[in-house]
Amino acid sequence: MSLDADGHQRRWLALGHGGKTSSPGAWRYWKTADREWTIAAPQGLAEFEQKHRSIFYQGAEVLTAATQWEATWGALGYFYSHVVPKLPAPPVN
């Protein structure tokens, strides 16, 4: 990922998130086409598609935001509020 003047991108990186080649334990995002991105949750637990200001999960549009970055942050919120509660519980050791 390039470091540029975008405050949201700097915030994304400062929170420990990264790009496609970052650690799979981190939130990652990368560009796939013009105004289209993939957003991957840690450990491959979920993958979102972002098309400009809309977020898709498992092929269904789950949110549309006022800005592209608002949609990106919204994908994280959607993950924690809708995806995580439905994940199977890890085994008890």
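The rules behind these values
- Residues numbered from 1 in each chain as written.
- Predicted model: local features only at pLDDT ≥ 70, side-chain atom pairs only at ≥ 80, totals over all residues.
- Heavy atoms only, no water.
- Pairing = 2+ DSSP bridges.
- Helix = DSSP H or I, 4+ residues; strand = E, 2+ residues; numbered from the N terminus.
- Axes fitted to C-alpha atoms, helices over the stretch in contact; angles between N-to-C directions.
- Contact = heavy atoms within 4.5 Å.
- Phe/Tyr/Trp six-rings, centres within 6.5 Å; stacked < 30°, edge-to-face > 60°.
- Lys NZ or Arg CZ within 6 Å of the ring centre and 35° of its normal.
- Parallel < 35°, antiparallel > 145°, perpendicular 65-115°, else oblique.
- Left-handed = near helix turned anticlockwise from the far one by under 90°.
- Nonpolar A, V, L, I, M, F, W, Y, C, P; charged D, E, K, R; others polar.

What follows deals with the sheet that holds strand 1 (residues 28-33). One open sheet holds the five strands; their spatial order is 1-2-3-4-5, and the pairing between them is antiparallel. In this open sheet, the two edge strands, each paired with only one partner strand, are strand 1 and strand 5 (60-64). Each adjacent strand pair in this sheet contributes to an overall mean axis angle of 25 degrees, direction not counted. Both strand 3 (residues 47-51) and strand 4 (residues 54-57) contribute to a ladder of four bridges, which runs antiparallel. Note on strand 4: the bridge partner recorded for Phe48 is Tyr57. Across the sheet, helix 2 (residues 68-83) touches strand 1, strand 2 (36-40), strand 3, strand 4 and strand 5, and the angle it forms with strand 3 is around 155 degrees.

Here we take up the packing of aromatic side chains. The relation between two aromatic rings is expressed through the spacing of the ring centres and the mutual angle of the planes. Taken as a whole and assessed by the stated rule, the structure comprises twelve aromatic pairs. Site record: aromatic cluster; members linked through ring pairs are Trp12, Tyr29, Trp37, Trp69 and Trp73. Here the guanidinium or amino end of Lys51 rests over the ring plane of Phe56, the centre of that ring lying 5.3 Å away.

Another aspect to go through is the packing of helix 1 (residues 7-14) against helix 2. The contact between helix 1 and helix 2 brings their axes to 10 Å, and the two run at 25 degrees. The orientation of helix 1 with respect to helix 2, classified from their angle, is roughly parallel. Both helix 1 and helix 2 take part in a crossing whose hand is left-handed. For the pair formed by helix 1 and helix 2, the contact residues are His8, Gln9, Arg11 and Trp12 on the first element and Trp69, Thr72, Trp73 and Leu76 on the second. Of the residues contributing to the contact of helix 1 with helix 2, the split by class is four nonpolar, three polar and one charged.

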